[in-house]
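# Examining the three-dimensional arrangement
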Amino acid sequence: KYNYSHIHSAIEHDVGMSYYRAGNFRKALKKLRTTANKAESHYTKAYILGNIGFIHYQKKDYQLCSKFFKKSLDIATTNGVFHLIPSTCFYIGKSYQSILNYSIASSYFKKGYEASMELANHKFPLKGERLMVIHEYVKSINSNVIQETEKTFPFAVDKSLEEIRGIFKNSVLKSLLDQKRSVADVVEY
């Protein structure tokens with residue numbers, strides 16, 4: 001009469017995670033994969049896939065980690081399991097960061113930040129991975145600003161303000177001399 005499959009899947013998930021906590025990664029992953037395939041609840045399936053990703057993250061297998069987290073993110077986004085989005089984005093971003101793909105990492109941190117802020121607007125607390133993804137997003141913004149500044153003004157690195165002014169003035173004068181016919185024209189201009 002009643003279908004309790006979601007409770008069964010949640011218990012099987014907990015058994016799989018107990019294997020992980022006991023240090024048996026292989027047994028944990030096997031149990032979690034089997035349970036994820038049987039899970040009917042979108043929440044439970046997304047949560048299990050996220051924990052499979054987390055185990056791979058702990059093992060530093062970033063390619064598999066992001067594969068499972070992306071599946072979890074897809075289910076969570078498509079089916080309204082919004083509170084899983086920030087943590088999922090955090091770990092996907094950290095995985096890309098670990099393989100030195102900072103632009104993709106930053107895009108996931110941004111998505112996690114936006115989801116965290118939306119949840120905060122609905123009175124969800126900003127703690128755990130929600131807070132961590134916010135910190136990572138802010139760090140990535142600051143890093144991008146520093147990188148762009150270094151790209152735009154490489155001549156200014158390690159120079160005093162007085163030296164920078166001199167370089168700027170000389171550059172303006174050189175540019176004007178290239179445009180005008182004589183020094184007198186530049187002075188008049």
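By convention here, each chain's residues receive numbers from 1 onward along its written sequence. Residues qualify for local features only when their pLDDT is at least 70, as the model is predicted, and side-chain atom pairs are given and counted only at 80 or more; totals for whole chains, interfaces and linings, by contrast, use all residues. As a rule here, side-chain values come from all non-hydrogen atoms in the structure, and water together with hydrogens is ignored.

## Quick notes on the overall build of the protein chain
To qualify as a helix, a DSSP run of H or I must reach at least 4 residues; to qualify as a strand, a run of E must reach at least 2; elements of each kind are numbered from the N terminus. Along its length, the protein chain carries nine helices and zero strands. Counting over 189 residues, the protein chain shows a buried share of 33%. We call two residues in contact when some of their heavy atoms are within 4.5 Å. Look at the contacts in the protein chain between residues 6 or more apart in sequence, and 47% of them connect residues 24 or more apart. In these tables, accessible area is a Shrake-Rupley quantity obtained with a 1.4 Å probe, and a residue counts as shielded only by the protein chains included in the view. Accessible area of the protein chain: about 12300 Å², with a carbon and sulfur share of 56%. Buried, partly exposed and exposed residues are distinguished by accessible area as a fraction of the type maximum, computed with a 1.4 Å probe on protein chains only: under 20%, between the cut-offs, and over 50%, respectively.

## So, helix α5 (residues 85-98)
Given a helix with a known number of residues, its expected span is that number minus one, times 1.5 Å. Here α5 is 14 residues long and its end C-alpha atoms lie 20 Å apart, about the 20 Å a rise of 1.5 Å per residue gives. For α5, the buried fraction is high: twelve of the 14 residues fall into the buried class. Among the residues making up α5, those that are buried are I85, P86, S87, T88, C89, F90, Y91, I92, G93, K94, S95 and Y96. Backbone geometry just downstream of α5 places L100 in the positive-phi region, at approximately 65 degrees.

## Regarding the packing of aromatic side chains
Each aromatic pair joins two rings of Phe, Tyr and Trp (for Trp, the six-membered one) with centres within 6.5 Å, and gets the label stacked for planes under 30 degrees apart, edge-to-face for over 60, and tilted for any other angle. Enumeration over the complete set of coordinates arrives at ten aromatic pairs. Geometrically, the ring pair formed by Y57 and Y62 is edge-to-face, given 5.8 Å between the ring centres and 65 degrees between the ring planes. Comparing Y57 with Y62 shows no difference in burial state: the two are buried. The interplanar angle of 10 degrees and the centroid separation of 5.3 Å between the aromatic rings of F69 and Y91 together place this pair among those described as stacked. In this pair, F69 is assigned in helix α4 (residues 62-79) and Y91 in helix α5, connecting sequence segments 22 residues apart.

## Concerning the pattern of salt bridges
The term salt bridge refers to a side-chain nitrogen of Lys or Arg lying within 4 Å of a carboxyl oxygen of Asp or Glu. Summed over all chains, the structure comprises three salt bridges. For the salt bridge of E12 with K31, the shortest nitrogen-to-oxygen distance reads 2.2 Å. One end of the pair, E12, is in helix α1 (residues 5-21); the other, K31, is in helix α2 (residues 25-38), and 19 residues separate them in sequence. On the basis of relative accessibility, which here comes to 18%, the residue E12 falls in the buried class. When its relative accessible area of 23% is taken as the criterion, K31 is described as partly exposed. One salt bridge in this structure joins E136 and K139, with 3.3 Å as the shortest N-O distance. A residue pair is termed a helical-turn pair when its members lie 3 or 4 positions apart in one helix, as E136 and K139 do in helix α7 (residues 129-152) at three residues. Assessed through its relative accessible area of 8%, E136 is described here as buried. For K139, a relative accessible area of 51% corresponds to the exposed category. Linked through salt bridges whose partners overlap, the residues forming this network are K94, E136 and K139.

## Considering the nonpolar core
Across soluble globular proteins, nonpolar side chains have a tendency to be buried as a group. Buried Ala, Val, Leu, Ile, Met, Phe, Trp, Tyr and Cys residues form a nonpolar core when they are joined through side-chain atoms within 4.5 Å. With 34 residues, the main nonpolar core has I52 and I55 as its most contacted residues. Breaking this core down by element, the ones donating at least two residues are α1, α2, α3 (42-58), α4, α5, α6 (102-121) and α7. Among residues more than four places away in sequence, those in contact with I52 are L29, L32, R33, A36 and F68.

## Quick notes on α2
Between its first and last C-alpha atoms α2 spans 20 Å; for 14 residues at 1.5 Å apiece the expected length is 20 Å, and the two agree. Those residues of α2 that fall on the buried side of the exposure criterion are A28, L29, L32, T35 and A36. The arc enclosing the buried residues of α2, seen along the axis, measures out at 135 degrees, which places them on a common side. Turned more than 90 degrees away from the buried face of α2, the exposed residues are R26, K30, N37 and K38. On its buried face, α2 is in contact with α1 and α3. The arc in question is the one spanned by the directions pointing from the helix axis to the C-beta atoms.

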